[in-house]
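Chain by chain, the residues:
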Amino acid sequence: MIQIAGRTIGAGEPPFVIAEMSGNHNGSLDRALSIVDAVAGSGAHALKLQTYRPDTITVDADGPAFRLGDGHELWGGERLYQLFERAHTPWDWHEPLFARARERGLIPFSSPFDPTAVELLERLDAPAYKIASSEIVDLPLIRLAAATGKPLVISTGMASIGEIHAAVEAARDAGCDQLAVLSCTASYPASPAESNLRSLPLLAGITGAVTGISDHTPGLGAALAAVALGACLIEKHVTLSRADGGVDSAFSLEPAELAALVVESERAWQSLGDPVIGPRASEREGLRFRRSLYVVRDVRAGEPVTELNVRSIRPAGGLPPEAAAEVRGRRFTRDAPLGTPLTWDLV
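Bear in mind the structure is a predicted one, so any value in this text is a computation, not a measurement. (Residues numbered from 1 in each chain as written. Predicted model: local features only at pLDDT ≥ 70, side-chain atom pairs only at ≥ 80, totals over all residues. Heavy atoms only, no water.)

### So, the pairing of strand 8 (residues 179-184)
Phase 1: Within strand 8, 6 of the 6 residues are buried, which leaves the element mostly enclosed by the surrounding structure.
Phase 2: Side chains of strand 8 alternate between two faces, with Leu179, Val181 and Ser183 and Ala180, Leu182 and Cys184 buried alike.
Phase 3: Where strand 7 (residues 152-155) and strand 8 come together, 4 bridges link them in parallel fashion. Each residue of the ladder has a partner; that of Val153, found in strand 8, is Ala180.
Phase 4: A crossover connection joins strand 7 to the parallel strand 8 through helix 7 (residues 161-173); in handedness this β-α-β unit is right-handed.
Phase 5: Bridging between strand 8 and strand 9 (residues 210-215) involves 5 bridges; their strand directions are parallel. Across the sheet, Ala180 pairs through a bridge with Val210, a residue of strand 9.
Phase 6: Handedness of the crossover joining strand 8 and strand 9 through helix 8 (residues 200-207): right-handed. (Buried < 20%, exposed > 50% of the residue type's maximum accessible area, 1.4 Å probe, protein only. Helix = DSSP H or I, 4+ residues; strand = E, 2+ residues; numbered from the N terminus. Pairing = 2+ DSSP bridges. Right-handed = clockwise from strand over helix to strand, strands pointing away.)

Okay, structure coming up:
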């Protein structure tokens, strides 16, 4: 297990739900603050930002290497610099966003994309760091974030087992002893069919870390299924309304959906229980109403047991239904009114 800002995260705790704002502020600090309030109102546990400037994540260049493919569902043909210019959260917004989140009981943290972002987030006393999927190969950045001594959350979208191993090793070698790794399909939006959630136990096994999911699929299904396979953290993008548009709105949850995720993910976790088969404590009352053999009409001593005077009914208390054939034809040893449980001393 790990701890972020005093909250324990692990298999013995309800899932830790992280709301990712990303670029859904649409360039408005007021909207960004409203998203923080909506996240707090949903019951989610953490608010995550992305800390970069266009110039710290790419350069203002053109050409095929610096453009999204024309076939991209959301950002086809757009230059990287233009996309990041639209999507980035200005650095001077971080302090008021962190402050609002803390006022509302949220844990604010962020994904740094270069050393200057780590410096900013350290000044804001960020309690943890998230390494984005595309940055999993930036081992110097991972070492820098890990060297702060804060918990580290690493997304593994697009990564091979070798790349995941290298990132985990870099983090631990730099002093990180509280590590979580997230299964992720780094496509936007992602298809549930490509989530491969059955790899979550494998991811836990090869990293020895707490596992979770950074989910870009529509709706709640993939995130809830991940809980059943051991996910302890759930990260989803959030917006006020998909109808408002924005760079990530198409695969983001609205506040009511985020609230449902918080409730249903905890229910999913609770339902995992223990690997035992047998009556539950809550079923004790129900055990009283299982079927058994009862006298269903008044009978007198000496009368034979027949299908008309003894039947399998609810509640329990009489002989098991399987005994019906064995007692049929025997005679009652004493009078018995309707509603008497059939016992061996009665025949």
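So, next bit.
### Considering helix 1 (residues 29-42)
Phase 1: The end-to-end C-alpha distance of helix 1 is 20 Å, a good match for the 20 Å that 14 residues give at a rise of 1.5 Å each.
Phase 2: Inspection of helix 1 places Arg31, Ala32, Leu33, Ile35, Val36, Ala38, Val39, Ala40 and Ser42 among the buried residues, and these make up the whole buried set.
Phase 3: Contacts from the buried residues of helix 1 go to strand 3 (16-20), strand 4 (46-51), helix 4 (91-103) and helix 10 (255-272).
Phase 4: Its side-chain oxygen placed 3.4 Å from the backbone nitrogen of Asp30, Ser28 serves as the N-cap of helix 1.
Phase 5: Remark: Gly43 follows helix 1 within two positions and exhibits a positive phi of approximately 95°. (Expected span 1.5 Å × (residues − 1). Contact = heavy atoms within 4.5 Å. Polar contact = N/O pair within 3.5 Å; in protein donor to acceptor, adjacent residues only side chain to side chain.)

### Some points on the packing of aromatic side chains
Phase 1: Summed over all chains, the structure comprises 3 aromatic pairs.
Phase 2: Look at Tyr52 and Phe84: their rings are 5.6 Å apart centre to centre, the planes differ by 75°, and that puts the pair in the edge-to-face class. Taken together, the residues Tyr52 in the loop between strand 4 and helix 2 (54-57) and Phe84 in helix 3 (residues 80-87) connect sequence positions 32 residues apart.
Phase 3: For Tyr52, a relative accessible area of 2% gives the class buried.
Phase 4: By way of ring pairs, the aromatic residues Tyr52, Phe84 and Phe113 are connected into one cluster. (Phe/Tyr/Trp six-rings, centres within 6.5 Å; stacked < 30°, edge-to-face > 60°.)

### Re helix 10
Phase 1: Compared with an ideal rise of 1.5 Å per residue, which puts 18 residues at 26 Å, helix 10 spans 26 Å between its outermost C-alpha atoms and is within 8% of the ideal.
Phase 2: Turning to helix 10, its buried residues number three or more, namely Leu258, Leu261, Val262, Ser265 and Ala268. For helix 10, the arc enclosing every buried residue in end-on projection is 140°, short of the 170-degree limit, so these residues lie on one face. Turned more than 90 degrees away from the buried face of helix 10 sit Ala256 and Ser271, all of them exposed.
Phase 3: Buried residues along helix 10 sit in contact with strand 3, helix 1, helix 9 (221-228) and strand 10 (233-237).
Phase 4: Positive backbone phi, approximately 55°, marks Gly273, located one or two places after helix 10. (Arc of directions from axis to C-beta.)

### Topic: the pattern of salt bridges
Phase 1: Considering all chains together, one arrives at 18 salt bridges under this definition.
Phase 2: A salt bridge links Arg288 to Glu285, with the nearest nitrogen and oxygen atoms 2.6 Å apart.
Phase 3: A relative accessible area of 46% places Arg288 in the partly exposed class.
Phase 4: In this structure, Arg330 engages Glu326 in a salt bridge whose closest nitrogen and oxygen atoms are separated by 3.8 Å.
Phase 5: Residue Arg330 is classed as partly exposed on the basis of its relative accessible area of 36%.
Phase 6: Overall, the relative accessible area of 46% leaves Glu326 in the partly exposed class.
Phase 7: Residues joined by salt bridges that share partners form a network here, namely Glu20, Lys48, Lys130 and Glu235. (Salt bridge = Lys/Arg side-chain N within 4 Å of Asp/Glu carboxyl O.)

### Focus on the packing of helix 1 against helix 10
Phase 1: The interhelical angle for the contact between helix 1 and helix 10, taken along N-to-C directions, is 35°, at an axis separation of 8 Å. The interaxial crossing formed by helix 1 with helix 10 has right-handed handedness. In this structure, helix 1 uses Ala38, Val39 and Ser42 to contact helix 10, whose residues at the interface are Pro255, Leu258, Ala259 and Val262.
Phase 2: Residue classes in the contact of helix 1 with helix 10 are distributed as 6 nonpolar, 1 polar and no charged. (Axes fitted to C-alpha atoms, helices over the stretch in contact; angles between N-to-C directions. Left-handed = near helix turned anticlockwise from the far one by under 90°. Nonpolar A, V, L, I, M, F, W, Y, C, P; charged D, E, K, R; others polar.)

### Concerning the packing of helix 9 against helix 10
Phase 1: The N-to-C vectors of helix 9 and helix 10 enclose an angle of 25°; their axes lie 8 Å apart at closest approach. Between helix 9 and helix 10, the angle is such that the two are roughly parallel. For the pair helix 9 and helix 10, the crossing hand works out as right-handed. Across from Ala223, Leu224, Val227 and Ala228 in helix 9, the residues of helix 10 making contact are Leu261, Glu264, Ser265, Ala268, Trp269 and Leu272.
Phase 2: Tallied by class, the residues present in the contact of helix 9 with helix 10 amount to 8 nonpolar, 1 polar and 1 charged. (Parallel < 35°, antiparallel > 145°, perpendicular 65-115°, else oblique.)

### A few points about the state of the cysteines
Phase 1: Here the structure, examined in full by the defined rule, presents 0 disulfides.
Phase 2: The thiol of Cys184 is not disulfide-bonded; the next cysteine sulfur, from Cys232, is found 17 Å away.
Phase 3: The thiol sulfur of Cys232 is not disulfide-bonded, and the nearest other cysteine sulfur, from Cys176, lies at 16 Å.
Phase 4: Among the residues examined, Cys232 registers a relative accessible area of 8% and is labelled buried. (Disulfide = S-S within 2.5 Å.)

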